[in-house]
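Listed below, chain by chain, are the residues.
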Amino acid sequence: MNDIDDVRDYLTGLQDRICAAIETADGSARFAEDNWTRAEGGGGRTRILREGSVFEQAGVGFSDVSGTRLPPSASAARPELAGASWRAVGVSLVFHPHNPYLPTTHANVRHFRAERGGETVAWWFGGGFDLTPFYPFDEDVLHWHRTARGLCEPFGGDERYQAHKRWCDDYFFLKHRNETRGVGGLFFDDLGNDFERDFAYQRAVGDGFLDAYLPLVERRTDTPYGEREREFQLYRRGRYVEFNLVYDRGTLFGLQSGGRSESILMSLPPRVRWEYGFVPEAGSPESRLADYLRPRDWLAELT
């Protein structure tokens, strides 16, 4: 078995564990599995949970895809990979809860490898997780970032956390709105120095996601809400759509490489709305969100 198959086995197991945990947390709905193949090479299994007790939609996708030519977005960034065959494996998830007080969340862990003439010419790991609240709670943000900081501890401690937190803030930034997508988390890419250590960090991020998110599910699922909060949630989901369709590199890579559109776009919310020129009323609960949509040192400010 080669290295990338080891990563593949970890990722399929991770998908299984996350789906089982989310089904338990939801308490009523189950994931439906959609297995698919890709004409150029590889395939995957997309799992979608709909209209549960907690989650309006939750998607957890595994993919193992390959090809002989990189899409333009990737080859322009890495010209040394021209003419190389490639293989990419990953797990990606997005959860859209019913309750506006429970944040939307996203996580992804992936591995890429390119070969030319039977020799590996490049490999790297990438991934992370981020949180998108609509009605933020300081204790939730603090727990999220404490968990992220803790899993970075064996891999450089605060230096690793600060670097990958900053990368997350920079990556999940909507330039046309001048705001972050949420309160951040961790993001890393092109991590290819020491396979065993880098793979261990990817596993820490993948395994640590549930530790970061499930306590928020327990805290917020039963928080009462009404039409006002629901409408604001749907409006803010529009920002999620804007980021994924305008800036997200994974979406661009998937579509340009001939990926399966349904699986690539599973991250989009099932219901969303836009409203021209909307400005929350000053002093309202909705107006609080703006102060959270900028890079902040959460661990320093909230403790």
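Look up a bit, the structure's there.
All chains use their own residue numbering, which begins from 1 and follows the written sequence. Thresholds applied to this predicted model are a pLDDT of at least 70 for local features of residues and 80 or more for the giving and counting of side-chain atom pairs; totals over whole chains, interfaces and linings are not thresholded and use all residues. The basis for every side-chain value is the complete set of heavy atoms in the structure, and neither hydrogens nor water enter the calculation.

K.L.:
Where do I start with the packing of aromatic side chains in this structure?
P.N.:
In this description, an aromatic ring pair is defined by two values, namely the gap between the centres and the angle between the planes. Each pair of aromatic rings taken from Phe, Tyr and Trp, with Trp reduced to its six-membered ring, is defined by centres within 6.5 Å and is described as stacked if the planes are under 30 degrees apart, edge-to-face if over 60, and tilted in the remaining cases. Throughout the structure, instances matching the rule amount to 30 aromatic pairs. Their ring planes at 90° and their centres at 6.4 Å tell us that Trp144 and Phe209 sit as a pair that is edge-to-face. A residue pair is termed long-range when its members are at least 10 positions apart, and Trp144 in helix α3 (residues 138-152) and Phe209 in helix α5 (residues 195-220) qualify at 65 residues. Take Trp144 and Phe209: they sit in the same class, and that class is buried. Considering the side-chain rings of Tyr171 and Phe172, the 4.8 Å spacing of their centres and the 85° angle between planes classify their relative orientation as edge-to-face. For the pair shown, Tyr171 and Phe172 are each scored as buried. Grouping aromatic residues by their ring pairs yields a cluster made of Phe55, Phe95, Phe129, Trp144, Phe209 and Tyr213. The criterion is that NZ of a Lys, or CZ of an Arg, lies within 6 Å of the ring centre and within 35 degrees of the ring normal, and then a charge sits over that ring. It is Arg203 that lies over the ring of Phe199; its NZ or CZ is 4.4 Å from the centre. Residue placement shows Arg296 over the ring face of Tyr292; its charged tip is 5.4 Å from the ring centre. Numbered from the N terminus, helices here are DSSP runs of H or I no shorter than four residues, and strands are runs of E no shorter than two. Here the term buried applies to any residue with accessible area under 20% of the maximum for its type, exposed to any over 50%, and partly exposed to those in between, with areas from a 1.4 Å probe on protein chains only.

K.L.:
Looking at this structure, how should I read empty space enclosed by the protein?
P.N.:
Points on a 1 Å grid over protein atoms alone make up a cavity when a 1.4 Å probe fits among them but cannot get out, and a pocket when they form an open set with protein on both sides within 12 Å along at least five of seven lines; lining residues each have an atom within 4 Å of a point. Grid points are joined across faces, edges and corners, and a volume is the space filled by probe spheres set on the points. Tallied over the full model, the rule gives three cavities of 30 Å³ or more. Approximately 50 Å³ is the volume attributed to the largest cavity. Residue lining of the largest cavity: Leu14, Ile18, Val91, Leu93, Ala107, Asn108, Val109, Gly128, Phe129, Val205, Gly206 and Phe209, and that is the complete set. For the lining of the largest cavity, the secondary structure elements donating two or more residues are α1 (3-26), β4 (85-97), β5 (104-116), β6 (119-132) and α5.

K.L.:
What's the story with the side chain of Gln57 in this structure? I'm lost.
P.N.:
Secondary-structure assignment places Gln57 in strand β3 (residues 55-67). Here a polar contact means two N or O atoms within 3.5 Å. Within protein one must be a hydrogen donor candidate and the other an acceptor candidate, and residues neighboring in sequence count only if both atoms are side-chain atoms. Side-chain polar atoms of Gln57 contact the backbone oxygen of Met266, separated by 3.5 Å. Contacts were defined at the residue level, with two residues in contact if any of their heavy atoms lie within 4.5 Å. Not counting residues up to four positions away in its chain, the partners in contact with Gln57 are Ile48, Leu49, Arg50, Val94, Phe95, His96, Met266, Leu268 and Pro270.

K.L.:
Looking at this structure, how should I read the pattern of salt bridges?
P.N.:
When their charged atoms lie close together, side chains carrying opposite charge are able to pair. Any Lys or Arg side-chain nitrogen found within 4 Å of a carboxyl oxygen on Asp or Glu counts as a salt bridge. Scanning the entire structure with this criterion turns up 33 salt bridges. Here Arg87 makes a salt bridge to Asp5, at a shortest N to O gap of 3.1 Å. Of the two residues, Arg87 sits in strand β4 while Asp5 sits in helix α1, which places them 82 residues apart along the sequence. Classification of Arg87 by relative accessible area gives partly exposed; the value is 22%. Notably, a salt bridge pairs Glu286 with Arg228, separated by 2.6 Å at the nearest N-O pair.

K.L.:
Got a minute to help me understand the layout of surface pockets in this structure?
P.N.:
Space left empty within the atom packing is revealed by a probe, the size of a water molecule, rolled over the atoms. Space inside the second largest pocket adds up to approximately 260 Å³. Contributing to the lining of the second largest pocket are Ala32, Asp34, Thr46, Ile48, Arg50, Gln57, Arg260, Ser261, Glu262, Ser263, Leu265 and Met266. Of all elements in the fold, only β1 (32-37), β2 (42-50) and α8 (261-264) reach the threshold of two or more residues within the lining of the second largest pocket. The residue makeup of the lining of the second largest pocket, split by class, is four nonpolar, four polar and four charged. Following the grouping adopted for this structure description, the nonpolar residues are Ala, Val, Leu, Ile, Met, Phe, Trp, Tyr, Cys and Pro, the charged ones are Asp, Glu, Lys and Arg, and the polar ones are all others, Gly among them.

K.L.:
Honestly, unusual backbone geometry in this entry has me stumped. Any pointers?
P.N.:
Its identity is not glycine, yet Glu51 carries a phi of approximately 50°, on the positive side. If you trace the backbone, Glu51 turns up in the loop between β2 and β3. Backbone geometry places Asn178, a non-glycine residue, at a positive phi of 55°. Along the polypeptide, Asn178 turns up in the loop between β7 (173-174) and β8 (179-180). Overall, the relative accessible area of 60% leaves Asn178 in the exposed class.

K.L.:
Sorry, what's going on with a negative patch on the surface here?
P.N.:
Each patch is built from salt-bridge-free residues with over 30% relative accessible area, joining like charges within 9 Å and nonpolar side chains (Val, Leu, Ile, Met, Phe, Trp, Tyr) within 5 Å. Accessible surface area values rest on a Shrake-Rupley calculation with a 1.4 Å probe, where residue burial reflects the displayed protein chains alone. Charge convention: Lys and Arg are scored as positive, Asp and Glu as negative, and His as well as the terminal groups of each chain are ignored. In this description, the location of a charge corresponds to atom NZ of lysine, CZ of arginine, CG of aspartate or CD of glutamate. Together, Asp3, Asp6, Asp9, Asp194 and Glu196 make up a region of like negative charge exposed at the surface. With three residues, α1 is the single largest residue contributor to the negative patch. Note on placement: Asp3 falls in helix α1.

K.L.:
How do you make sense of the pairing of β4 when you look at a structure like this?
P.N.:
As a general feature of sheets, a regular strand has side chains that alternate between the two faces. Summarising burial for β4: ten of the 13 residues are buried, a large majority. Pairing between strands is defined by DSSP: at least two bridges between the two strands are required. Across twelve bridges, β3 lies against β4 in antiparallel orientation. Looking across to β4, one finds that Asp64 is bridged to Val89. Note: β4 against β5, eleven bridges, orientation antiparallel.

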